[in-house]
There are 6 protein chains.
Amino acid sequence: MRILVVNVNTTASMTESIARQAEAVAAPGTEIVPLTPDFGAESCEGNYESYLAAVAVMEKVRAYREPYDAVIQAGYGEHGREGLQELLDVPVVDITEAAASTAQFLGHKYSVVTTLDRAVPLIEDRLKLAGLTDRLASVRASGLPVLALEADPDAAVAAIVEQAAAAVEVDRAEVVCLGCGGMAGLTEQVVARTGVPVVDGVAAAVTVAESLVRLGLTTSKVRTYAPPRPKQIRNWPPRVG
Amino acid sequence: MRILVVNVNTTASMTESIARQAEAVAAPGTEIVPLTPDFGAESCEGNYESYLAAVAVMEKVRAYREPYDAVIQAGYGEHGREGLQELLDVPVVDITEAAASTAQFLGHKYSVVTTLDRAVPLIEDRLKLAGLTDRLASVRASGLPVLALEADPDAAVAAIVEQAAAAVEVDRAEVVCLGCGGMAGLTEQVVARTGVPVVDGVAAAVTVAESLVRLGLTTSKVRTYAPPRPKQIRNWPPRVG
Amino acid sequence: MRILVVNVNTTASMTESIARQAEAVAAPGTEIVPLTPDFGAESCEGNYESYLAAVAVMEKVRAYREPYDAVIQAGYGEHGREGLQELLDVPVVDITEAAASTAQFLGHKYSVVTTLDRAVPLIEDRLKLAGLTDRLASVRASGLPVLALEADPDAAVAAIVEQAAAAVEVDRAEVVCLGCGGMAGLTEQVVARTGVPVVDGVAAAVTVAESLVRLGLTTSKVRTYAPPRPKQIRNWPPRVG
Amino acid sequence: MRILVVNVNTTASMTESIARQAEAVAAPGTEIVPLTPDFGAESCEGNYESYLAAVAVMEKVRAYREPYDAVIQAGYGEHGREGLQELLDVPVVDITEAAASTAQFLGHKYSVVTTLDRAVPLIEDRLKLAGLTDRLASVRASGLPVLALEADPDAAVAAIVEQAAAAVEVDRAEVVCLGCGGMAGLTEQVVARTGVPVVDGVAAAVTVAESLVRLGLTTSKVRTYAPPRPKQIRNWPPRVG
Amino acid sequence: MRILVVNVNTTASMTESIARQAEAVAAPGTEIVPLTPDFGAESCEGNYESYLAAVAVMEKVRAYREPYDAVIQAGYGEHGREGLQELLDVPVVDITEAAASTAQFLGHKYSVVTTLDRAVPLIEDRLKLAGLTDRLASVRASGLPVLALEADPDAAVAAIVEQAAAAVEVDRAEVVCLGCGGMAGLTEQVVARTGVPVVDGVAAAVTVAESLVRLGLTTSKVRTYAPPRPKQIRNWPPRVG
Amino acid sequence: MRILVVNVNTTASMTESIARQAEAVAAPGTEIVPLTPDFGAESCEGNYESYLAAVAVMEKVRAYREPYDAVIQAGYGEHGREGLQELLDVPVVDITEAAASTAQFLGHKYSVVTTLDRAVPLIEDRLKLAGLTDRLASVRASGLPVLALEADPDAAVAAIVEQAAAAVEVDRAEVVCLGCGGMAGLTEQVVARTGVPVVDGVAAAVTVAESLVRLGLTTSKVRTYAPPRPKQIRNWPPRVG
């Protein structure tokens, strides 16, 4: 089967990193097709950039001409999944929800740990809409921006690990979802420090998407995700390049 | 004071209709500036069109060069308010939330009545995020699309009135918010049929926006709605026209 | 328009202070009529006194003979608003609810900061009944009674400011409602310390009441707030003075 | 032990009826002391009358000079229990809460059936504050006022029985609480029609009060129900008679 | 009346201790019949042991041949109450729920304090199913296993008392339920340290069971707790001894 | 990988049917090992039988001597999953939760349709504990017992299909989970009648279990599901056969 894995920002190197994560867990016979939006922010760290990503992801997928079996939106806490579900019949999986759903099979409560403090409410709101907050212990942020990773990667990783430990010890999480990508060895260090299972959103989403395809299930079209009604769309999509 | 009232679709006649509703209730000294997005759907009836509206509204407001005191997003159940709040210091008011907040001062429970069945989950989700569902009795739809209004306006209005009556009698709403605009005499007929107060979202939003301005209050910038961090935005905004 | 602003305690100087707050924000053409109950406690700091205030406010309003357009109950976390809504057709606005509704337009979560610890559950319960707790971060108290204000005003204000800062930093509030009046400069100091918008209940209630009147909306009479049925009321109202 | 059972209205015949219900279930050695408020409505059917009852009940209990071990507030869905808890150290039991607590031991979900439609939101709100709504299937009303009982008792009882049956069959209640007193044979008829346990609030409250006394438990005084602070109460209590 | 009080573990000395607690509060004329399961763990400290207890308790009660009026399941946070309710017509009372129900009559919020950290989620889940978490402030554990009691009883009691104090001061509980038995003087020390009412589950359950019996109420049989349908049960119950 | 699929009742033909469902969806390389408990009821239709199943499943898995990678508990709405999670390090998947988690990726709300009315509260409670009720539209039952299937299979299937249609049309479900197995062609008929995706619990659980294994994730052992502490278990497990 072929799964489109769409980055939410326009940084190609992050798309590649996401693709590698996806391929590492994909089943034999699954082809991962990484896509980078044609417009939008180099990284998504707030609602404006996230809304931009929502439409850029949709246009990128609409422009893809080969057949495919499922789509993964690979951004943590971002807007847009509902729009993709309207446009497509194939399953659409958001990594925030895939991670949380997976975590709930492993422990009594789970937490999400991310980098920027301002991302916390976005993640909380996406989980709230997804109906996945009853067993959410906390969403925690290290407070260090993503760029700090490059300046001082050890310090950045240490700050994340520390928040994961607090999630387990203070908030009583039994599973941790990592809501930030691209940190080498991060998962291992969180496991080592906390002793709890650590869920990576991209990997979880690949297995969820594969499962839905294998089960022959597609997005329900009876109401919320019925195809858009035919109508005039003005000045859209934008001409790019 | 000057309030931008932004339509969510690209139909100029609807922008004018919204502007008239806003002006009818605006206080002396309040200038209503109606804006129509430069791109997007002729009407918003689903998530894809709604996400498109979200970014189109943001770009329209960003491009506006005169000073202003508040912004109203005039679409029922649409995405985008959070992004505007990031971009702006002045208050941003969504008509879905303004109507619900207003309704809660008038009765024990309130309902929203709209046209399309597929809009119901969008409205429910926006109210859920806004924390305004504890006293929500129901969101009901007449099932008739907006276009039916033109073909047979009396039937369309009658269908809405019937749902409002069911909201009051079956769902036990004591106030009704109308989640659909542009129907002459609709409010009067719902009041006549149900005997309960009927809240129009645009009108409610104008008074909320004026109130926030007079109170000297602006959007909180400490976390969720902090301004976007400076970064590269690729191929955006789109060149239109 | 004329708005009755009813104090919940029998201390006339506090009624005057509330009236000044209300007049400072009232629109041109709005007349504020301050009222002090004829019986009850010199300050409301618990359920017994609050229930007493509820009936004293109702009787004071019932005894008022001139026409008016709305009523504000100016006590934080007090009982009684539902009774007024039964007795009156005009809008009734409680300052606790007006502050919370207003705060929700400005940030992702809000907190209330008050003086006495024992007032916290009363405020929580009123917000729970009003359906305004989904985005409530916390209700915090300084622990200092109101009287401490006179003995050492700087310490009392400092204690409040400290709790507001904890609400923002620990509880993640993005807006603060002040559930205690009469402290000169309090709002300014909380803004200066926390950087978040600070909502005063009396001021917020004035704009809400004015808005409802301008929108032509009145209390729903179909069920919960239908007028009391005609019946014998024994030994009531009490003869005073 | 001695338990004060306080009616919420000023109709002495209803106080007697309540006393008989209480005495029928009281343990040997329990003395039931029925009290009728000195002021207030002949029946409580709304918020205004209910707030009046709250203070009238408190004053009646305050004026009682003999020792006693517990107090029962015998009104369904009425205000005031929190105030009594402040004034007294002995346990205070509201019949609405006692019935619901009792019902929860007997089935998966419970309903409350009452007479007047307008009482439904009051009962819902009291149960909400009491934290007893998770397993509440519904609050239903027959729509017939209490006075209809005298005009056509059979029809009134039949209407209640019909709502109880709907609670069991439609709302899936497994236990029914009767939120209306004084109907001969009502309990038996509801049991006969529905086959589910039927809880009478007054009887349940007597056993709860006796239990708390026997367990040596008293109202917590650390925060919410701490005694009122000493202060000036103006023109209160009213002189009656 | 006769009440079966069933221990959840196979340690006879604990059954005796529970029986003494029950008898201390039982009304004159109430006979307490203590029962120890024939199989299962010497103490229940987790889900496996708790599920084992659930069936062992059921079989012990099924094997009891004399008439009785009610059953108390005397384990904190254990599985099984629903099964007993199916098998029996007489009331079934779980001490976890009896304690919480009782606590809710005494203060605004309550906490449960227990020994083992791993018991916290079990207790939380049982209270969640019972619909008793709205006013639950916290479930706290001392972290010391039950056996620590024997090695150093003073330290064990001190650790519990410390958590109870934190429940009151940090979590704002106004009543404490003790979710661990068999510590001499524990209740007195918690009362002395916190000043709040302390509820013992076994004692509370005895009064609840007696109350239900005196009210003539039995378990609802219309749906959830209807008797098991006649069918083949293979290899069960186990032959013991 | 090897996955144990454990039936909850003692009817071997149902174990075989479950095994066929599991094998139909299992990935190449996945070995399905069906297990039938050694004791318990021929079908689980209530709490007593369900608790019995919980311990029978645990003992059957404990007695299994070969290595395996995951366990599926194949009963809808049954007790016991938490106990298995304590006993095992490998992932444990309950089909009720796997179906609901899967459904949530496909539509805005989902319903569960089952046979017996008395199973509804059990399923609701399991979903409540699993934190999967926010988007649950309803749990509906056809009211026909499983045995009706044999007497008149067409009528039994038709009754289920009718409830599924009501779930979609009345309760607004967009996905349906089938909480009853063994009906030939049931899924197809529900899809044909409703047009929504239909999720089979056993199939969903197989893909979830495979996913967890491939992701290298195991049950968290830090608190709730830590291994049972070493202690004496009396008269257990039972000698069978």
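In this report, the structure presented in the accompanying data block is examined. Please read these numbers as outputs of a predicted model, since none were measured by experiment.

**Topic: the pairing of strand β2 (residues 31-35) of chain E**
The side chains of a regular strand alternate, residue by residue, between the two faces of the sheet. Residues and elements named next belong to chain E. Sheet topology note: the strand β1 (residues 2-7)/β2 ladder contains 5 bridges and is parallel. Bridge pairing links Val-6 to Leu-35 in β2. Running through helix α1 (residues 12-25), the crossover from β1 to the neighbouring parallel element β2 is right-handed.

**So, the sheet that holds strand β6 (residues 110-114) of chain B**
Residue and element names in this part refer to chain B. The 4 strands are arranged β7-β6-β8-β9 in an open sheet whose pairing can be described as parallel. Both outer strands of the open sheet, β7 (136-141) and β9 (198-200), are each paired with one neighbouring strand and no more. Sheet twist, expressed as the average angle between the axes of neighbouring strands with direction ignored, equals 25°. Bridge analysis of β6 against strand β8 (residues 175-178) gives 4 bridges, and the strand direction is parallel. Across the sheet, Tyr-110 pairs through a bridge with Val-175, a residue of β8. Here helix α4 (residues 95-104) sits on the sheet and contacts β6, β8 and β9; the angle it forms with β8, its principal contact strand, is near 165°.

**Here we look at the sheet that holds strand β5 (residues 92-94) of chain F**
Residues and elements named next belong to chain F. The sheet built from 4 strands is open, its strands ordered β2-β1-β4-β5 with parallel pairing. Only two strands of the sheet have a single partner each, and these edge strands are β2 (31-35) and β5. Taking the axes of each pair of neighbouring strands and ignoring which way they run, one obtains an average angle of 20° across the sheet. Running at roughly 75° to β5, helix α4 (residues 95-103) makes contact with β4 (70-74) and β5 of the sheet. On the sheet, helix α9 (residues 201-214) packs against β1 (2-7), β2, β4 and β5 and is oriented at approximately 160° with respect to β4.

**A short note on the interface of chain B and chain A**
Each partner contributes to the interface: chain B provides 52 residues, whereas chain A provides 52 residues. Buried surface at the junction of chain B and chain A, both sides included, amounts to about 4,700 Å², of which 53% is carbon and sulfur. When the area that chain B buries against chain A is broken down by residue, the three leading residues are Tyr48(B), Tyr51(B) and Arg118(B), summing to 18%. For the interface between chain B and chain A, the tally reads 10 salt bridges. In this structure, Glu86(A) engages Arg118(B) in a salt bridge whose closest nitrogen and oxygen atoms are separated by 3.6 Å. Put simply, chain B and chain A have 32 residue pairs in polar contact (both at pLDDT 80 or more) between them. In terms of residues, the side of chain B that touches chain A owes the most to one element, helix α2 (residues 47-63) of chain B, which gives 10 residues. For the side of chain B that touches chain A, the per-class residue count stands at 21 nonpolar, 12 polar and 19 charged. Here strand β3 (residues 40-41) of chain A runs beside strand β10 (residues 233-234) of chain B; their pairing, made up of 2 bridges, is antiparallel.

Reading the values: the criteria
Residues numbered from 1 in each chain as written. Chains lettered and ligands numbered in written order. Predicted model: local features only at pLDDT ≥ 70, side-chain atom pairs only at ≥ 80, totals over all residues. Heavy atoms only, no water. Pairing = 2+ DSSP bridges. Helix = DSSP H or I, 4+ residues; strand = E, 2+ residues; numbered from the N terminus. Right-handed = clockwise from strand over helix to strand, strands pointing away. Axes fitted to C-alpha atoms, helices over the stretch in contact; angles between N-to-C directions. Contact = heavy atoms within 4.5 Å. Buried area = accessible area lost by both parts, 1.4 Å probe. Salt bridge = Lys/Arg side-chain N within 4 Å of Asp/Glu carboxyl O. Polar contact = N/O pair within 3.5 Å; in protein donor to acceptor, adjacent residues only side chain to side chain. Nonpolar A, V, L, I, M, F, W, Y, C, P; charged D, E, K, R; others polar.

Keep in mind that these numbers describe shape and distance, not what the molecule does.
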